[in-house]
Amino acid sequence: MFQDIELLDLLKKQQEDSFCLVDVRSPQEFAEFRIPGSINIPVFDNEERVEVGKIYKQVGPEAAKEKGLEIFSIKLPEFIAAFQALGKEKIVYCWRGGMRSKTAATVVDLMGQQVSRLQGGIRSYRQWVVNKLEQQPSTPKMFVLNGYTGSGKTILLHRLKQQGYPVLDLEGMANHRGSIFGQIGLEPNNQKTFESLLVQELERYGQMPFVLLEGESKRIGKATLPPFLHEAKEASMQLFIHLPLEKRIENILREYNPDEHQAQVIEAFERIRKHIHTPVAKQIADDLEQGNFQSAIPLLLEYYYDPRYEHTLHHYPEDKQMHIHADNLDEALNAVISFIKQEENVNIKL
């Protein structure tokens, strides 16, 4: 018979990477919110879940169970095969640790596979995340990469992480680049997903002497930073990256790939058009319609993004500013690393 596992034991096991975490809720529920690292093998698809739910409300729980068993029995061979393909030990969960996860664990166990069920389901995990954020976990010392749009802050963070430095990739957690054009080519995460990923990373880096992150506003796409993190970030050392204009344009073209998302770029521009002087706004709109992004981007930087950046620059006291002038991202990366090593006076094991 399968065993139940408590959430804290699950979180400890996640560090071992010795099992597969399986969400057996519907694809829609999984898309809206899930435990990081889990995969979806649903007991019911979206329509089946709605059908069983209606029977539960209109007829009763026994009728709903009978219908659920009827639906599930048809897909049982496919369901078991999906679990068998995973190879590792499995831990399953549903919303509250109820019938769906119990059914899944029972049939997988009967097939001789090692399986456990998360006690309390994903609801227990969500409550753990909420509690963690309410406790306002202490954050390590922060170094914040800041600078003009296109200065390669996100690229630098990724390269720093590849070299072993502790990085809080807030844009990655939000799946949004943090600007009006930030969701182009992406599907932004909701608040619950963002908070889960954030708490996971804070737990990982809680004992580190410092952490690196990017200068962001309170809101990134659909996600909002918790106040304690936003306040800590604003009070931290800001490393302002300065690159030549042509390099900034190259970075923007590479990151946003506007040729493949022209309609989304135009739609996003219309939301800020009123903030740009009319003749310039018309020129930008014409360039975007014609796919002339090499001309539109510098105008957007000069007449919209750069003035906004210069306004925020004065928000930080001088003793919290470090300006890094570089010809390219390689030089900027080396300068950031040199600053960190000098500031921390430690040898980081990479």
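Note that the structure is predicted; figures quoted are calculated from it, not measured.

Chemist: Could you clarify how one ought to interpret the sheet that holds strand S12 (residues 321-325) in this entry?
Modeler: Within a beta sheet, neighbouring strands are joined by backbone hydrogen bonds and run either parallel or antiparallel to one another. Strand order in the open sheet formed by five strands is S7-S8-S6-S11-S12, with parallel pairing between adjacent strands. Of all strands in the sheet, those bounded by a partner on one side alone are strand S7 (167-168) and S12. Bridge analysis of strand S11 (residues 237-242) against S12 gives five bridges, and the strand direction is parallel. In the sheet register, Phe240 faces S12, and the bridge partner there is His323. Here helix H14 (residues 293-313) sits on the sheet in contact with strand S6 (141-147), S11 and S12, set at roughly 150° to S11.

Chemist: Would you explain the pattern of salt bridges in this entry?
Modeler: Two side chains carrying opposite charge are able to pair once their charged atoms lie near each other. Under the counting rule described, the total for this entry stands at 22 salt bridges. Here Lys67 makes a salt bridge to Glu70, at a shortest N to O gap of 3.4 Å. Of this pair, Lys67 and Glu70 both sit in helix H4 (residues 61-84), three residues apart, which is roughly one turn of that helix. Taking the relative accessible area as the measure of exposure, Lys67 reaches 21% and is therefore partly exposed. Residues participating in the shared-partner salt-bridge network are Glu29, Arg49 and Arg100.

Chemist: Please explain the packing of helix H7 (residues 153-162) against helix H15 (residues 329-344) as it appears in this structure.
Modeler: If you want to describe how two helices pack, look at the angle between their axes and the distance between the axes. Direction vectors running N to C along H7 and H15 enclose 60°, while the axes themselves pass 10 Å from each other. Judged by the inter-axis angle, H7 sits oblique to H15. Crossing of H7 against H15: the hand is right-handed. Contacts between H7 and H15 involve Ile155, Leu156, Arg159 and Leu160 from the former and Leu329, Asp330, Ala332, Leu333, Val336 and Ile337 from the latter. Residue composition of the contact of H7 with H15, by class: eight nonpolar, no polar and two charged.

Chemist: Can you help me understand the side chain of Lys13 in this one?
Modeler: When you line up the elements, Lys13 lands in helix H1 (residues 7-14). A polar contact of 3.5 Å, which involves the side chain of Lys13, links it to the side chain of Glu89. Apart from residues no more than four positions distant in its own chain, Lys13 is found in contact with Ile5, Ser18, Phe19, Glu89 and Ile91.

Chemist: For this particular structure, what's the right way to read the pairing of S6?
Modeler: Two faces belong to every sheet, and in a regular strand the side chains alternate between them. Counting buried residues along S6, six of its seven residues qualify, which places the element largely inside the surrounding structure. Where S6 and strand S8 (residues 210-214) come together, five bridges link them in parallel fashion. If you follow Leu145 over to S8, its bridge partner there is Glu214. Bridge count between S6 and S11: five bridges; the pairing is parallel. Bridge pairing in S11 links Val144 to Gln238.

Chemist: Which parts of the structure should I look at to understand the sheet that holds strand S3 (residues 39-40)?
Modeler: Taken in spatial order, the five strands line up as S1-S5-S4-S2-S3 in an open sheet, and their pairing is parallel. Taken across any chain shown, the strands that pair with only one partner, and hence form the sheet edges, are strand S1 (3-5) and S3. Across three bridges, S1 lies against strand S5 (residues 115-118) in parallel orientation. Directly across from Asp4, in S5, lies its bridge partner Arg117. On the sheet, H1 packs against S1, strand S2 (19-23), strand S4 (89-93) and S5 and is oriented at approximately 130° with respect to S2.

Chemist: Help me understand the pairing of S2 in this model?
Modeler: Of all five residues in S2, five are buried; the element is thus mostly enclosed. Alternating positions in S2 separate into two faces, Phe19, Leu21 and Asp23 on one and Cys20 and Val22 on the other, with burial throughout. Pairing geometry for S2 and S4, over five bridges, is parallel. Each bridged residue has a counterpart across the sheet, and for Val22 the counterpart in S4 is Val92. Sheet analysis places S2 next to S3, joined by two bridges and oriented parallel. Counterpart to Asp23 in the pairing with S3 is Asn40.

The rules behind these values
Residues numbered from 1 in each chain as written. Predicted model: local features only at pLDDT ≥ 70, side-chain atom pairs only at ≥ 80, totals over all residues. Heavy atoms only, no water. Pairing = 2+ DSSP bridges. Helix = DSSP H or I, 4+ residues; strand = E, 2+ residues; numbered from the N terminus. Contact = heavy atoms within 4.5 Å. Axes fitted to C-alpha atoms, helices over the stretch in contact; angles between N-to-C directions. Salt bridge = Lys/Arg side-chain N within 4 Å of Asp/Glu carboxyl O. Buried < 20%, exposed > 50% of the residue type's maximum accessible area, 1.4 Å probe, protein only. Parallel < 35°, antiparallel > 145°, perpendicular 65-115°, else oblique. Left-handed = near helix turned anticlockwise from the far one by under 90°. Nonpolar A, V, L, I, M, F, W, Y, C, P; charged D, E, K, R; others polar. Polar contact = N/O pair within 3.5 Å; in protein donor to acceptor, adjacent residues only side chain to side chain.

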